[in-house]
Amino acid sequence: MVRHRPSLMMLSLLFGCSVLLTAAPRVAAEGAASLATPARHWAAGAVDNLVARLAWSAPTDLDAPIPRDEWRRLVSKMLGQQPDLEREKWVWDYTGGLSGEEFVVRREDAFGGLMKLATVFRGEKAHTADPSGLAPYGDGVRVADHQRVLVAGALKHGLVTGYPGGLLHPKRPLAYGEAAVLVDRFLARYGGPTKAWMEPQAGEWPRPRPFASGMAPLFPIDQVIHTGFSVGSAGTAWLVINGAAWAPELPGLGAAPAGQVWVAVDTEIYNWEKTELTIAPGTLRFRLQDSWAKVNIETAANPFAAGTVVLKQRGSVRGLVVFAVPAGMQGMWFQCESKLGFAPGKGDGYNGASRGFLGNLPKATQ
């Protein structure tokens with residue numbers, strides 16, 4: 001019997017086949033892995049919540065920076081406000097207007113802005129957090145001075161947790177996924193929306209005054225000037241000051257003029273007559289004065305001039321009257337004049353007035 005040794009070519013073919021046969025299962029396994037469902041984005045749960053709760057149109061790329069207009073629309077939805085240009089603008093001014101970017105918002109300004117909105121709508125004490133809360137974060141020192149307390153508050157109340165490795169990335173543009181998580185956490189902590197602070201709100205009087213009872217004021221607090229009191233009649237209308245505060249900037253108004261601050265007076269007009277009381281534009285005139293009434297500052301924002309309100313007996317309407325006041329002004333008085341008095345009106349028609357002391361601005365703001 002003649003035995004033939006396998007040729008080199010035959011060995012190569014046999015070896016090659018064995019390689020193909022052993023490789024086939026691995027290729028099949030890798031193919032199966034490639035068909036597996038990809039991992040969900042870390043913000044997908046928050047996105048699902050906002051799609052269901054706010055009818056938000058979620059983007060496909062959650063890591064892309066959220067444009068300015070989309071951020072303010074999302075926050076407007078969070079607050080329950082119609083996404084019209086006026087409300088969108090003040091939401092943007094208040095939550096991202098300090099970013100210095102044309103189309104995006106920095107993370108630190110988004111954090112700080114949401115804490116301001118928590119103060120406006122939920123009575124959160126946004127300016128009481130300890131900025132030392134930023135110390136554990138490696139880039140906490142990079143948070144801008146005007147946002148340090150607010151960002152510390154966002155950390156304290158769980159709106160922000162930071163990145164792995166203890167970083168906040170305060171200057172980085174806010175991404176879609178990050179925006180969704182922020183808004184979802186805001187809603188989880190503070191609940192649904194309330195009325196906008198700029199809109200006069202009807203109610204029944206008397207009721208507990210906000211500052212006396214711990215209820216939320218209408219405006220974001222930077223520094224409280226007065227905690228509220230009833231002043232007296234301005235004709236058939238009764239003037240109630242629920243409180244007053246100053247701030248360097250306000251939504252809808254932006255930053256105060258150079259050398260001035262905004263002074264916001266939480267004002268309520270109550271009908272103590274037995275008949276209905278009609279308040280039309282021009283019926284009430286507000287001024288902020290010095291102690292001797294030699295300085296008369298006109299309003300920068302007067303919600304009672306927006307339209308006609310009819311108050312039933314014991315009914316009231318409440319809004320925020322704002323003035324641009326020289327920084328450090330002392331001896332401020334708040335005056336309300338009305339055309340609802342009993343005596344004949346003066347040449348301009350105002351025949352009733354009431355005046356009450358507000359307080360002083362801190363001299364350190366000069």
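Residues numbered from 1 in each chain as written. Predicted model: local features only at pLDDT ≥ 70, side-chain atom pairs only at ≥ 80, totals over all residues. Heavy atoms only, no water.

Draft legend 1. Layout of the packing of helix H2 (residues 44-54) against helix H7 (residues 176-190). With their axes 9 Å apart at the nearest point, H2 and H7 run at an angle of 60 degrees to one another. When the interaxial angle is binned, H2 and H7 end up oblique. Along this stretch, H2 crosses H7, giving a crossing that reads as left-handed. The residues of H7 that touch H2, namely those facing Ala46, Val47, Asn49, Leu50, Arg53 and Leu54, are Ala180, Val181, Val183, Asp184 and Leu187. Class assignment for the residues of the contact of H2 with H7 results in eight nonpolar, one polar and two charged. (Axes fitted to C-alpha atoms, helices over the stretch in contact; angles between N-to-C directions. Helix = DSSP H or I, 4+ residues; strand = E, 2+ residues; numbered from the N terminus. Parallel < 35°, antiparallel > 145°, perpendicular 65-115°, else oblique. Left-handed = near helix turned anticlockwise from the far one by under 90°. Contact = heavy atoms within 4.5 Å. Nonpolar A, V, L, I, M, F, W, Y, C, P; charged D, E, K, R; others polar.)

Draft legend 2. Representation of the sheet that holds strand E14 (residues 352-359). Strands sit in the order E10-E9-E13-E14 across an open sheet of four strands; the sheet is antiparallel. Edge positions in the sheet fall to strand E10 (296-297) and E14, since each has one partner strand and no second. Alignment of strand E13 (residues 332-338) against E14, held across seven bridges, turns out to be antiparallel. What sits directly across from glutamate 337, in E14, is alanine 353. (Pairing = 2+ DSSP bridges.)

Draft legend 3. Spotlight on the pattern of salt bridges. Applying the stated criterion across every chain, the model contains eight salt bridges. In this structure, aspartate 266 engages arginine 318 in a salt bridge whose closest nitrogen and oxygen atoms are separated by 2.7 Å. With aspartate 266 in strand E7 (residues 260-271) and arginine 318 in strand E12 (residues 315-326), this pair connects stretches of sequence that are 52 residues apart. Its relative accessible area of 0% is what places aspartate 266 among the buried residues. Given the relative accessible area of 8%, arginine 318 is considered buried. The shortest N-O distance in the salt bridge between arginine 287 and glutamate 337 comes to 3.0 Å. Of the two residues, arginine 287 is situated in strand E9 (residues 284-289) and glutamate 337 in strand E13; the sequence distance between them amounts to 50 residues. Arginine 287 sits in the buried class, given a relative accessible area of 19%. What makes glutamate 337 buried here is its relative accessible area of 6%. One network of salt bridges, in which partners are shared, links Arg285, Arg287, Glu298 and Glu337. (Salt bridge = Lys/Arg side-chain N within 4 Å of Asp/Glu carboxyl O. Buried < 20%, exposed > 50% of the residue type's maximum accessible area, 1.4 Å probe, protein only.)

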